[in-house]
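# Structural overview for review
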There are 2 protein chains.
Amino acid sequence: MDDRIREHAAILVDWSARVDPGDNVVVSVADGAHDLAVAVAEVLGERDANLVATYDAAELTRAYLRARSDDSNDSDDSDADSTPPAFDADPAYELALLEKADVYLRLDAGHNTAATADVPGPTRQAYRRSRTAIREARMDTDWVSTVHPTRSLAQQAGMAFEAYQDFVYDAVLRDWESLADEMAQLKTILDAGSEVHIETGETDLWLSIEGRTAVNSAASVAYDSHNLPSGEVFTAPADAEGTVLFDIPMTVDGTRLQDVRFTFEDGDVVDFAAEQGEAVIAEILDTDAGARRLGELGIGMNRGIDRVTDRILFDEKMAETVHLAVGRAYDACLPDGETGNESAVHTDLLTDMSENSRLAVDDETIQRNGRFRWEEGFATDST
Amino acid sequence: MDDRIREHAAILVDWSARVDPGDNVVVSVADGAHDLAVAVAEVLGERDANLVATYDAAELTRAYLRARSDDSNDSDDSDADSTPPAFDADPAYELALLEKADVYLRLDAGHNTAATADVPGPTRQAYRRSRTAIREARMDTDWVSTVHPTRSLAQQAGMAFEAYQDFVYDAVLRDWESLADEMAQLKTILDAGSEVHIETGETDLWLSIEGRTAVNSAASVAYDSHNLPSGEVFTAPADAEGTVLFDIPMTVDGTRLQDVRFTFEDGDVVDFAAEQGEAVIAEILDTDAGARRLGELGIGMNRGIDRVTDRILFDEKMAETVHLAVGRAYDACLPDGETGNESAVHTDLLTDMSENSRLAVDDETIQRNGRFRWEEGFATDST
């Protein structure tokens, strides 16, 4: 086994999830994540934790959801008129597994990123909605998502497999404490701020962040951060006004999205368009009321991730980008007792900030053309 | 996908497990069982059942158990002096998953039948003992074990892969109702009988079955039968006296067993030996008090299985064989309220009855040289 797989497993268990002896750990294994799962099982054994592995292969999900669908021979996702199946709400056995779990480690992988592309949209939405309590229980654990490199993901990134493996391990096997120190500066500014203004190209967006708490996402539950790799600072906007163009392409639910545009009024998406994948965007926005409001503003700060690979886990951490998610807000960003935006979805979309851009908090420029004000190359305010 | 995989999945879900709409189904997926898992997911979707898939790859278990072991660098299974790790008893999350499940489908497969051969014996025993309630909860569901053919299993059987696939599907895709009718004859005899006498070669064994109920194992929970394929009639002996030679070789816990001999006195194994694998036999017998007593007498009646393939699921169903298991007895064989032999283990061992043999119930010959008395070729009592 590649030594880097063992290092990945050790960082996941120790730095990210902070697993203690006796912890009940669920390891979700995607098809193709076998080697990382074996390495994680070994580290969990060394830490005297308990282990249950679930098999979350996309092809199983696809077969199950298509069979559940009333209209399983219809692969046209845009057919919003078909009646979705009536899924049982939060089956008790799966809910109990997660409610009694301390840690949930998602090992993503897969052999085909389009494996679920022919699941009817209404079925997918209905399935999501039926699993709200399960999702909440999972998010109440010390959960961490990571990715094991496969040829399919390399293909999605347009990279050779070995080069993609190098990319993944460069992003994962980092000095996380040092990055956490750097990101703390931005967290301080956002925590004190009331309003964020993002300008670049067609984007001109105002976000209210009054009273919200930013997360210094340093790839560890100790930082309220649940992704490995990470390297972003994010918060939960309370309100949004203006327009945004997401010019970084990505794949959601097996479908390619390109140049998605949203217009916000009073926090709601009131108009949208996309060069590609508009039907998938429409499905997501129609999931529930919260799916039309923002759950997250994230600012990428990981300069170790130097290219888009069409995998949100990596792309959203890339320096010189910002991302917004429609749907569910993370509790860590909210004042105690306050519920933020609630939704069955959380879909991130990305905007390039590397050129001709300005990110301001309460009218003070924090980043210009991708450079933060504490970085070399930051252009002083001259406009 | 091979149509036979879909047929296998449909028999498993419908004939064997009798899955109803809304059932909470756990599907245990071994490494290499992906295709069958996809087919099972599809059938479960069609039946409107719920699905949780667990990943039970032997390499995960091996990595976890070796890491838990105090002595994980010691691959010598015979080192009974090493202290086994202290496993948590029945972790609550896994127990809850199974207690709230209605159906448990085990899809066995694997890429290396020796994958766990270097797990220290005391660790394996301690792990088994720590999971008694989990095992009971699993056996309280409508559980069914089946096997998806892999190249590793073909190798174990000494067969080409395609020939092995044919073997498996010939055994699985059968007319189960018709076999059930045939097996009912033997069940009637065993239910009425008090004592079984098995004679062949070095074997001369007396078993008490007074008051016990035989199971007509027709590959369906409706017959208290939990294997697919099946095709045996089995009961739970209350007592045993005499000697038995298990002359059909097999692999247990990744170790080859050959010519195992047991001597019973008052139901206990008081002496044992093996040409090969004696250390593994010793470990099994030392697991707990019940591991030295019999939990099962099974009589193979499936003439569709015409060769030994070193997989207990198939071998023990083969016509012209009998098998005995040390360890746990099945509740279905016991009078209401009576507990039979209890143990953390249930290990089957096989004896060839095809030649020079006699199986009698209460001194009446039921089978001679592999032929039952209702079959053509049965030799009348002339000795």
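That block above? That's the structure.
Figured I'd write up the structure that's included with this text. Everything numeric in this text was worked out from a predicted model, so none of it was measured.

### A look at unusual backbone geometry
Cis peptide bonds are those with omega within 30 degrees of zero, and the linkage from A:Leu228 to A:Pro229 qualifies with 5 degrees. Residue position: A:Pro229 is located in the loop between strand E8 (227-228) and strand E9 (232-235). In this structure, A:Asp362 is a non-glycine residue whose phi angle is positive, near 50 degrees. Summarising the element assignment, A:Asp362 is placed in the loop between strand E17 (357-361) and strand E18 (364-368). We classify A:Asp362 as partly exposed; its relative accessible area is 37%. Here the phi dihedral of B:Asn356 falls at roughly 50 degrees; this positive angle occurs in a residue that is not glycine. Within the element layout of this structure, B:Asn356 appears in the loop between strand E16 (346-352) and strand E17 (357-361).

### Some thoughts on the sheet that holds E16(B)
Residue and element names in this part refer to chain B. With respect to topology, five strands assemble into an open sheet ordered E7-E9-E14-E15-E16, the strand pairing being antiparallel. Each of the sheet's edge strands pairs with one partner strand only, and the pair in question is strand E7 (215-217) and E16. In this sheet, adjacent strand axes meet at a mean angle of 25 degrees when their direction is disregarded. As defined by bridge partners, strand E9 (residues 232-235) adjoins strand E14 (residues 294-300) across four bridges and the pair is classed as antiparallel. Opposite Phe 234, over in E14, you have Gly 298 as the bridge partner.

### Things to note about the relation of the copies chain B and chain A
Relative to chain A, chain B is turned by 180 degrees and slid 0.0 Å along the rotation axis, the superposed coordinates differing by an RMSD of 0.0 Å. Overall, the copies show the geometry of a two-fold rotation axis. Considering only C-alpha atoms, the part of chain B nearest the rotation axis is B:Thr54, at 1.9 Å. Of the residues that chain B buries at the interface, 100% are likewise interface residues in chain A, meaning the two copies contact each other through the same surface.

### Re the packing of helix H1 (residues 3-16) of chain B against helix H8 (residues 161-172) of chain B
Residues and elements named next belong to chain B. The geometry of H1 relative to H8 is characterised by a closest axis approach of 11 Å and an angle of 35 degrees between their N-to-C directions. Like other packed secondary-structure pairs, H1 and H8 cross with a definite hand, here left-handed. Contacts between H1 and H8 pair Arg 4, Ile 5, His 8 and Ile 11 from the former with Gln 165, Asp 166, Tyr 169 and Val 172 from the latter. Among the residues forming the contact of H1 with H8, the class breakdown is four nonpolar, two polar and two charged.

### What to know about the packing of aromatic side chains
Enumeration according to the criterion identifies 21 aromatic pairs over all chains in this entry. For the ring pair A:Tyr164 and A:Phe167, a centre distance of 5.9 Å and an interplane angle of 25 degrees mean the geometry is stacked. Here the residue A:Tyr164 and the residue A:Phe167 both occupy positions in helix H8 (residues 161-172), the gap between them amounting to three residues, near one helical turn. A:Phe167 carries the same exposure label as A:Tyr164, and that label is buried. Measuring from centroid to centroid gives 6.0 Å for B:Trp15 and B:Tyr223, while their planes differ by 35 degrees, and the two rings are tilted. Taken as a pair, B:Trp15 in helix H1 and B:Tyr223 in the loop between E7 and strand E8 (227-228) lie far apart in primary sequence, 208 residues in all.

### Side note on the pairing of strand E10 (residues 239-246) of chain B
Residues and elements named next belong to chain B. Summarising the sheet, strand E6 (residues 203-208) and E10 pair through five bridges and their orientation is antiparallel. What sits directly across from Ser 208, in E10, is Asp 239. Where E10 lies against strand E12 (residues 255-265), five bridges are found, and the strand directions are antiparallel. The residue bridging Gly 242 from the neighbouring strand is Phe 264, located in E12.

### Notes on the pairing of strand E15 (residues 321-327) of chain B
Residues and elements named next belong to chain B. Buried residues dominate E15, accounting for seven of its seven residues. The pairing of E14 with E15 spans five bridges and is classified as antiparallel. Counterpart to Ile 299 in the pairing with E15 is Val 322. The pairing of E15 with E16 spans seven bridges and is antiparallel. In the sheet register, Leu 324 faces E16, and the bridge partner there is Leu 349.

### So, the packing of helix H1 (residues 3-16) of chain A against helix H2 (residues 34-46) of chain A
Residues and elements named next belong to chain A. Contact pair H1 / H2: the axes reach a minimum separation of 8 Å and the direction vectors enclose 55 degrees. Overall, the two elements H1 and H2 adopt an arrangement that is oblique. Where H1 crosses over H2, the handedness of that crossing is right-handed. For the pair formed by H1 and H2, the contact residues are Ile 5, Arg 6, His 8, Ala 9, Ala 10, Leu 12 and Val 13 on the first element and Asp 35, Leu 36, Ala 39, Val 40, Glu 42, Val 43 and Leu 44 on the second.

### A look at the nonpolar core
Within the largest apolar cluster, 208 residues are counted, with the highest numbers of intra-cluster contacts made by A:Phe262 and B:Phe262. If near-sequence neighbours (up to four positions away) are discounted, B:Phe262 is found in contact with B:Gly242, B:Thr243, B:Val244, B:Phe246, B:Val269, B:Asp271, B:Phe272, B:Ile281, B:Leu285, B:Val326 and B:Leu349.

### As for the environment of B:Ala344
All names here are of chain B. Along the chain, Ala 344 falls in the loop between E15 and E16. Residue classification places Ala 344 among the buried residues on the basis of a relative accessible area of 9%. On a C-alpha basis, the gap between Ala 344 and Leu 36 in space is 29 Å, while along the polypeptide they are 308 residues apart. Those residues in contact with Ala 344 that sit more than four places away from it in its chain are Arg 128, Arg 129, Arg 135, Thr 287 and Asp 288.

### Here's the deal with the sheet that holds E9(A)
Residues and elements named next belong to chain A. Spatially, five strands are ordered E7-E9-E14-E15-E16 in an open sheet, and the strand pairing comes out antiparallel. The open sheet has two free edges, formed respectively by strand E7 (215-217) and strand E16 (346-352), since each of these has just one partner strand. Ignoring which end each strand starts from, the neighbouring axes of this sheet average 25 degrees apart.

### What about the interface of chain B and chain A?
Residue-level contacts link 38 residues of chain B with 38 residues of chain A. Contact between chain B and chain A buries roughly 3400 Å² in total, counting both sides, with carbon and sulfur atoms accounting for 66%. Our count for the chain B to chain A interface comes out at two salt bridges. In this structure, A:Asp48 engages B:Arg68 in a salt bridge whose closest nitrogen and oxygen atoms are separated by 3.1 Å. Run the count over chain B and chain A and you get 22 residue pairs in polar contact (both at pLDDT 80 or more). Contributing elements (two or more residues each) for the side of chain B that touches chain A: strand E1 (24-29), helix H2 (34-46), strand E2 (50-55), helix H3 (58-68) and helix H4 (92-99) of chain B. When residues of the side of chain B that touches chain A are assigned to their parent elements, the largest contribution, eight residues, is made by H2(B). Along the lines of polarity and charge, the residues of the side of chain B that touches chain A split into 23 nonpolar, six polar and nine charged.

### Digging into the pattern of salt bridges
Residue and element names in this part refer to chain B. According to the stated counting rule, one finds 52 salt bridges over all chains in the structure shown. The partner of Glu 42 in a salt bridge is Arg 6, with the nearest N and O atoms 2.7 Å apart. In this pair, Glu 42 is assigned in helix H2 and Arg 6 in helix H1, connecting sequence segments 36 residues apart. Between Glu 375 and Arg 303 there is a salt bridge, and its shortest N-O distance comes to 2.9 Å.

### Here we look at helix H9 (residues 176-192) of chain A
Here H9(A) spans 24 Å end to end across 17 residues, near enough to the 24 Å set by a 1.5 Å rise per residue. The largest bend in H9(A) is about 30 degrees, located at A:Met183.

Reading the values: rules and limits
Residues numbered from 1 in each chain as written. Chains lettered and ligands numbered in written order. Predicted model: local features only at pLDDT ≥ 70, side-chain atom pairs only at ≥ 80, totals over all residues. Heavy atoms only, no water. Helix = DSSP H or I, 4+ residues; strand = E, 2+ residues; numbered from the N terminus. Buried < 20%, exposed > 50% of the residue type's maximum accessible area, 1.4 Å probe, protein only. Pairing = 2+ DSSP bridges. Axes fitted to C-alpha atoms, helices over the stretch in contact; angles between N-to-C directions. Least-squares fit on C-alpha atoms with pLDDT ≥ 70 in both. Contact = heavy atoms within 4.5 Å. Left-handed = near helix turned anticlockwise from the far one by under 90°. Nonpolar A, V, L, I, M, F, W, Y, C, P; charged D, E, K, R; others polar. Phe/Tyr/Trp six-rings, centres within 6.5 Å; stacked < 30°, edge-to-face > 60°. Parallel < 35°, antiparallel > 145°, perpendicular 65-115°, else oblique. Core = buried A, V, L, I, M, F, W, Y, C linked by side-chain atoms within 4.5 Å. Buried area = accessible area lost by both parts, 1.4 Å probe. Salt bridge = Lys/Arg side-chain N within 4 Å of Asp/Glu carboxyl O. Polar contact = N/O pair within 3.5 Å; in protein donor to acceptor, adjacent residues only side chain to side chain. Expected span 1.5 Å × (residues − 1). Bend = angle between axes of the 7 residues up to and from the residue.

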